[in-house]
Amino acid sequence: MDRIVIVGAGLAALRAAERLRELKFDGELVIIGDEPHKPYHRPALSKQLITGKLTAKDLLFPAYQELDAIWRTRTRAQRLDPGRHVVHLPGGEDLRYDGLVIATGVEARHLAGAPRHDPRVHTLRTLDDAMAIKANLTRTKGRVVVVGTGFTGCEMASSCRDMNRDVTIIGRSKTLFGKALGPELGAAIGDLHRRHGVDLALGVDIRHWATGPEGVAIVLSSERLLTASCVVLAVGTMPTVDWLTGSGLVLEDGVLCEPTCHVVGATDMVAAGDVARWPNLRFDGVPRRVEHWLNAIEMGRAAAESLLAGKARAKPFTPLPRFWSEQHHVRIQAAGIPAIGQQTMYLSTRPNGADRSITGYIRAGKPVGIVGLNQPRTMIHLTRQLDQKLRPMVPSERVRTSRRAAAQTPAERSRTEATSGSKPGGKIDVNELSARIKAPASLKNGR
């Protein structure tokens with residue numbers, strides 16, 4: 001290969017570029033990104049940057065490897081022509097490639113009816129978004145309203161409480177993190193937020209918006225009226241794939257990839273990070289996207305390896321996903337894919353507390369995820385065990401599942417909860433998840 005083009009200039013793109021150079025690729029390397037900034041630490045946007053603990057300059061990532069790359073910032077890819085191996089850029093420029101890495105990530109979803117024209121209404125995805133929110137918070141003193149019950153929204157609410165701001169979280173879900181962590185743990189984290197002064201308006205819709213000099217007025221389906229000096233829309237993300245329309249690639253919820261990160265239907269193209277949907281053979285043959293910081297690092301490197309190795313020799317990318325969040329000084333750590341669990345089980349001695357607990361997630365009698373609150377040492381131990389427990393499928397299984405994976409949709413999850421915990425002082429073991437699930441009498445029905 002003489003030229004490899006990376007479309008996207010975030011963390012996955014940076015780590016892919018580094019790995020290409022580590023593997024002695026000595027051709028031309030071009031990195032295209034639509035933001036004016038080089039890669040930076042996105043998780044810090046809703047935390048340290050908002051609170052002022054870090055500056056924008058502090059968030060920039062150093063490269064671990066001399067890249068000798070051509071950076072095309074402020075440049076948005078417009079179209080892909082796989083047949084001609086060309087990325088179309090603004091101004092009619094055609095950039096030819098021998099190998100392509102798609103790492104365009106995701107963008108914030110908009111909320112229908114929200115007055116996005118008002119400077120007090122924000123989304124939070126980019127560094128510029130975060131700087132605009134920070135400026136808003138600096139010049140105002142009123143209530144902050146966060147729309148959304150996921151990690152970004154909850155981290156934003158926690159940061160605002162650290163700044164002694166009144167905060168309300170609005171969500172259609174009746175609990176926080178319902179889809180990601182399940183209703184039981186979501187309710188416990190909701191109690192944590194309430195104890196730290198966050199007002200939760202859950203299980204409601206927004207009926208009406210109005211803007212005026214006093215603030216942004218929001219009328220809820222519960223007939224409650226809120227007035228905010230700052231509104232943050234954190235209602236999820238969508239893969240940045242508009243530039244791939246008409247390319248022939250499968251673009252349902254991201255770029256569909258083989259287990260090796262190769263884009264389905266292409267041999268000279270891989271995808272990495274939030275935009276990539278691939279089957280992680282540790283779990284099954286269903287393609288999923290994983291929007292976590294560590295996955296961007298690992299998948300960027302794996303995609304680079306697969307691109308240079310070629311489709312026939314590339315190895316499946318089978319990580320154990322891990323992520324963490326900190327809210328109100330409680331560290332939430334997770335391993336595996338808790339969202340696909342059909343049952344939940346407490347592995348700690350304080351199942352009803354949101355300060356110290358371990359929750360396990362089981363599917364078909366097997367552990368698929370664990371989440372710990374303020375349990376860093378135990379989580380290290382359990383993550384290692386889960387890593388050993390979840391082995392990738394053998395090649396024959398891979399062929400069977402990958403053929404039908406694109407047509408599968410996530411099944412409705414039913415959760416049951418075992419409230420019996422480990423003995424005080426006893427060593428928590430991930431094998432307890434498999435053992436206890438065989439005793440139905442100890443379980444009670446969830447939602």
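Remember, it's a predicted structure, so these values are computed and weren't measured experimentally.

Here we take up the overall build of the chain. Counting secondary structure elements, the chain contains 10 helices and 28 strands. Sequence-distant contacts, at least 24 apart, represent 65% of the contacts inside the chain between residues at least 6 apart. As presented, the chain carries roughly 20200 Å² of accessible surface, and 49% of it is formed by carbon and sulfur atoms.

Looking now at the sheet that holds strand E12 (residues 199–202). Pairing in this open sheet of five strands is parallel, and the strands run E9-E16-E10-E11-E12 from one edge to the other. Unpaired on one side and paired on the other, strand E9 (121–123) and E12 mark the two borders of the sheet. The sheet shows a mean angle of 20° between the axes of neighbouring strands, direction not considered. Across four bridges, strand E10 (residues 144–147) lies against strand E11 (residues 167–171) in parallel orientation. The partner of Val-145 across the bridge, within E11, is Thr-168. Packing of helix H4 (residues 151–162) onto the sheet brings it into contact with E10, E11 and strand E16 (230–233), and relative to E11 it is tilted by some 165°.

Here helix H6 (residues 183–195) spans 18 Å end to end across 13 residues, near enough to the 18 Å set by a 1.5 Å rise per residue. Listed in full, the buried residues belonging to H6 are Pro-183, Glu-184, Leu-185, Gly-186, Ala-188, Ile-189, Gly-190, Leu-192 and His-193. At the C-terminal side of H6, Gly-197 shows a positive phi close to 90°.

The full count for this structure, using the stated rule, is 26 salt bridges. With a shortest N-O distance of 2.9 Å, Arg-15 and Glu-18 are connected by a salt bridge. Separated by three residues within a single helix, Arg-15 and Glu-18 lie in helix H1 (residues 11–22), roughly one turn from each other. Taken as a pair, Arg-15 and Glu-18 share a single burial class, namely buried. Note that Glu-326 is salt-bridged to Arg-331, the shortest N-O span being 3.9 Å.

Below, the discussion takes up unusual backbone geometry. Look at Asn-164: it is not a glycine, yet its phi comes out positive at around 65°. Relative to the assigned elements, Asn-164 resides in the loop between H4 and E11.

What follows covers the sheet that holds strand E15 (residues 225–228). Taken together, the three strands give an open sheet; going across it, the order is E13-E14-E15, and neighbouring strands pair in antiparallel fashion. Every interior strand has two partners, whereas the edge strands, strand E13 (206–212) and E15, have only one. For this sheet, the mean angle separating the axes of adjacent strands, direction not counted, is 20°. Across six bridges, the pairing between E13 and strand E14 (residues 215–220) is antiparallel. In the strand pairing of E14, His-208 is matched with Val-219.

Now for the packing of aromatic side chains. Summed over all chains, the structure comprises three aromatic pairs. Here the aromatic rings of Phe-151 and Phe-177 are separated by 4.5 Å at their centres, their planes lie at 45°, and the arrangement is tilted. With Phe-151 in helix H4 and Phe-177 in the loop between E11 and helix H5 (178–181), this pair connects stretches of sequence that are 26 residues apart. Like Phe-151, the residue Phe-177 is buried in the burial classification. The interplanar angle of 80° and the centroid separation of 5.5 Å between the aromatic rings of Phe-151 and Phe-323 together place this pair among those described as edge-to-face. Separated by 172 residues along the polypeptide, Phe-151 in helix H4 and Phe-323 in strand E22 (residues 322–327) bring together distant segments of the chain.

So, on to the packing of H1 against helix H7 (residues 293–309). The interhelical angle for the contact between H1 and H7, taken along N-to-C directions, is 40°, at an axis separation of 7 Å. Classified by the angle between their axes, H1 and H7 sit oblique to one another. The hand of the H1/H7 crossing is right-handed. Mapping the contact onto sequence places Leu-11, Ala-12, Arg-15, Ala-16, Arg-19, Leu-20 and Glu-22 in H1 and Trp-293, Ala-296, Ile-297, Gly-300, Arg-301, Ala-304, Glu-305 and Leu-308 in H7.

Turning to the environment of Glu-291, a few remarks are in order. Examined against the element boundaries, Glu-291 turns out to sit in the loop between strand E21 (287–288) and H7. Sequence spacing of Glu-291 and Val-275 is 16 residues, and the spatial spacing of their C-alpha atoms is 8.3 Å. For Glu-291, the residues in contact, after removing those within four places along its chain, are Val-106, Thr-237 and Asp-274. Reaching out from Glu-291, the side chain makes a polar contact with the side chain of Thr-237 at a distance of 2.9 Å. A distance of 3.0 Å separates polar atoms of two side chains, one belonging to Glu-291 and the other to Arg-289.

Turning our attention to the environment of Gly-212. Of note, Gly-212 is situated in strand E13. Distance from Gly-212 to Thr-227, taken between C-alpha atoms, is 9.8 Å for residues 15 residues apart in sequence.

Moving on, we get to the pairing of strand E5 (residues 86–89). Where burial is concerned, the two faces of E5 agree: the one with Val-86 and His-88 and the one with Val-87 and Leu-89 are both buried. Alignment of strand E4 (residues 79–81) against E5, held across three bridges, turns out to be antiparallel. Its bridge partner being in E5, Arg-79 is matched across the sheet by His-88. Connecting the antiparallel pair E5 and strand E6 (residues 93–96) is a turn made up of three residues, with Gly-91 showing a positive phi of about 80°.

Parameters at a glance
Residues numbered from 1 in each chain as written. Predicted model: local features only at pLDDT ≥ 70, side-chain atom pairs only at ≥ 80, totals over all residues. Heavy atoms only, no water. Helix = DSSP H or I, 4+ residues; strand = E, 2+ residues; numbered from the N terminus. Contact = heavy atoms within 4.5 Å. Areas by Shrake-Rupley, 256 points an atom, 1.4 Å probe, with all protein chains shown as cover. Pairing = 2+ DSSP bridges. Axes fitted to C-alpha atoms, helices over the stretch in contact; angles between N-to-C directions. Expected span 1.5 Å × (residues − 1). Buried < 20%, exposed > 50% of the residue type's maximum accessible area, 1.4 Å probe, protein only. Salt bridge = Lys/Arg side-chain N within 4 Å of Asp/Glu carboxyl O. Phe/Tyr/Trp six-rings, centres within 6.5 Å; stacked < 30°, edge-to-face > 60°. Parallel < 35°, antiparallel > 145°, perpendicular 65-115°, else oblique. Left-handed = near helix turned anticlockwise from the far one by under 90°. Polar contact = N/O pair within 3.5 Å; in protein donor to acceptor, adjacent residues only side chain to side chain.

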